[in-house]
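Each chain, letter by letter, is given below.
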Amino acid sequence: MNRLRRTRLNSTLRSLVRETHVSVDDFIYPLFVRSGEGIKTEVTSMPGVFQMSLDEILKECSTLRALGLNSILLFGIPDVKDSVGSDALCDHGIIASAVRAIKAAYPSMFVVTDLCFCEYTDHGHCGILDHVHETVDNDLTLGISAQQALVHARAGVDMIAPSGMMDGIIATLRTALDEGGYPNLPIMAYSTKFASGYYGPFRDVAESSPSFGDRSSYQMDPCNRMEAIRESLEDEAQGADILMVKPALAYLDIIRDIRENSRLPLAVYNVSGEYAMLKYAGNAGLIDYNRVMMETMIGFKRAGADIIISYHAKEVAQLLRQ
Ligand code: PBG
Ligand code: ZN
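Right, let's walk through the structure included here.

Parameters and conventions
Residues numbered from 1 in each chain as written. Chains lettered and ligands numbered in written order. Predicted model: local features only at pLDDT ≥ 70, side-chain atom pairs only at ≥ 80, totals over all residues. Heavy atoms only, no water. Phe/Tyr/Trp six-rings, centres within 6.5 Å; stacked < 30°, edge-to-face > 60°. Helix = DSSP H or I, 4+ residues; strand = E, 2+ residues; numbered from the N terminus. Lys NZ or Arg CZ within 6 Å of the ring centre and 35° of its normal. Near = heavy atom within 4 Å. Polar contact = N/O pair within 3.5 Å; in protein donor to acceptor, adjacent residues only side chain to side chain. Areas by Shrake-Rupley, 256 points an atom, 1.4 Å probe, with all protein chains shown as cover. 1 Å grid on protein atoms, 1.4 Å probe; cavity = no way out; pocket = protein on both sides within 12 Å on 5 of 7 lines; lining within 4 Å. Sits in = over half its atoms within 2 Å of the grid points. Nonpolar A, V, L, I, M, F, W, Y, C, P; charged D, E, K, R; others polar.

**Notes on the packing of aromatic side chains**
Next up, step 1: Across all of its chains, the model carries eight aromatic pairs by this definition.
Next up, step 2: A ring pair is formed by Phe194 and Tyr251, whose centres lie 4.2 Å apart and whose planes are at 15°; its orientation type is stacked. One end of the pair, Phe194, is in the loop between β9 (192-193) and α6 (200-206); the other, Tyr251, is in the loop between β10 (243-246) and α8 (252-261), with 57 residues separating them in the sequence.
Next up, step 3: Here Lys40 stacks its cationic end above the ring of Phe50, 4.7 Å away from the centre of that ring.
Next up, step 4: Residue placement shows Lys193 over the ring face of Tyr199; its charged tip is 5.5 Å from the ring centre.

Given below as structure tokens:
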């Protein structure tokens with residue numbers, strides 16, 4: 001009989017044999033910016049997550065820096081929405097203005113932008129509608145996505161993260177950035193993104209629920225494992241710098257699959273519904289929140305993720321300091 005417990009009896013020895021580590025450097029923290037001043041509105045479905053005006057976002061960046069968090073993922077909530085998401089295509093739109101202001105105030109903050117149209121369109125879908133087929137027109141959306149990427153690039157973003165699940169998006173954006181004079185701007189692809197019920201609370205924060213139908217004609221079917229790998233490998237072939245699996249908790253097998261099929265860095269998006277479940281269970285006293293949160297983060301790393309995008313990032317950073 002092997003004595004497996006021998007290495008568990010002493011805490012220093014447990015540290016020596018520990019295989020998986022979580023560090024503050026692994027995290028990207030999502031932020032939601034809207035126009036106005038002095039606005040910091042908590043979202044009921046996500047306690048601790050706020051829609052913030054730019055002045056509040058800047059204060060938040062200083063808090064994040066103090067915690068050692070240097071990467072943010074920025075989402076914009078425009079004042080006006082229309083059929084093509086014009087605010088996202090404007091150099092003075094909400095996201096472009098926010099990127100400029102953040103980079104001016106905190107040049108070393110690593111600013112990533114979510115590149116999609118669902119927050120900017122009046123119908124809430126992730127691109128231009130094809131009315132005949134009641135879905136999103138893939139190639140028309142590619143065209144405006146390239147414009148959106150250049151808006152972000154001109155504003156000084158550090159990395160773009162296209163989340164719309166359009167075919168050919170990575171090749172399109174890579175070409176647009178290269179030809180536009182931004183060959184060094186990396187792309188983190190939302191490469192394997194499932195049509196998920198776990199995005200519910202996010203759509204409250206980002207005000208981005210589709211006004212009709214759902215996203216299953218562009219986001220992936222949760223049942224498909226082979227297709228999940230193909231999606232990420234396709235984005236790698238098109239020039240993605242970082243791959244992603246989203247959501248995280250119900251898809252740990254897919255994280256492992258992609259880790260084993262690609263040598264690119266891999267991110268995981270620990271989404272709004274996953275955050276809300278822990279928060280509400282913690283607030284109700286049902287679980288030891290901090291412990292379950294850290295166990296969850298370890299699970300992502302152990303499954304093969306290098307980068308964790310999470311609303312828990314601040315709490316994790318606080319815990320890691322103690
Ligand atoms: C936009 C986008 C979504 C999320 C990130 N980018 C929502 C969606 O696809 O409906 C979800 C993030 C979360 O739930 O935390 N396409
Ligand atoms: Zn979208």
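Having put the structure on the table, let's press on.
**Topic: the site of ligand 1**
Next up, step 1: In the vicinity of ligand 1 lie 19 residues, with Lys193, Arg203, Lys246, Ser272 and Tyr311 positioned nearest.
Next up, step 2: Arg203 places a side-chain nitrogen or oxygen 2.7 Å from an oxygen atom of ligand 1.
Next up, step 3: With respect to ligand 1, the side chain of Lys246 contributes an N or O atom lying 3.4 Å from a nitrogen atom.
Next up, step 4: Against a free-state accessible area of 400 Å², the protein chains account for coverage of 100% of ligand 1.
Next up, step 5: More than half of the atoms belonging to ligand 1 lie within 2 Å of the grid points that define the largest cavity.
Next up, step 6: The residue inventory of the shell around ligand 1, partitioned by class, reads 11 nonpolar, three polar and five charged.

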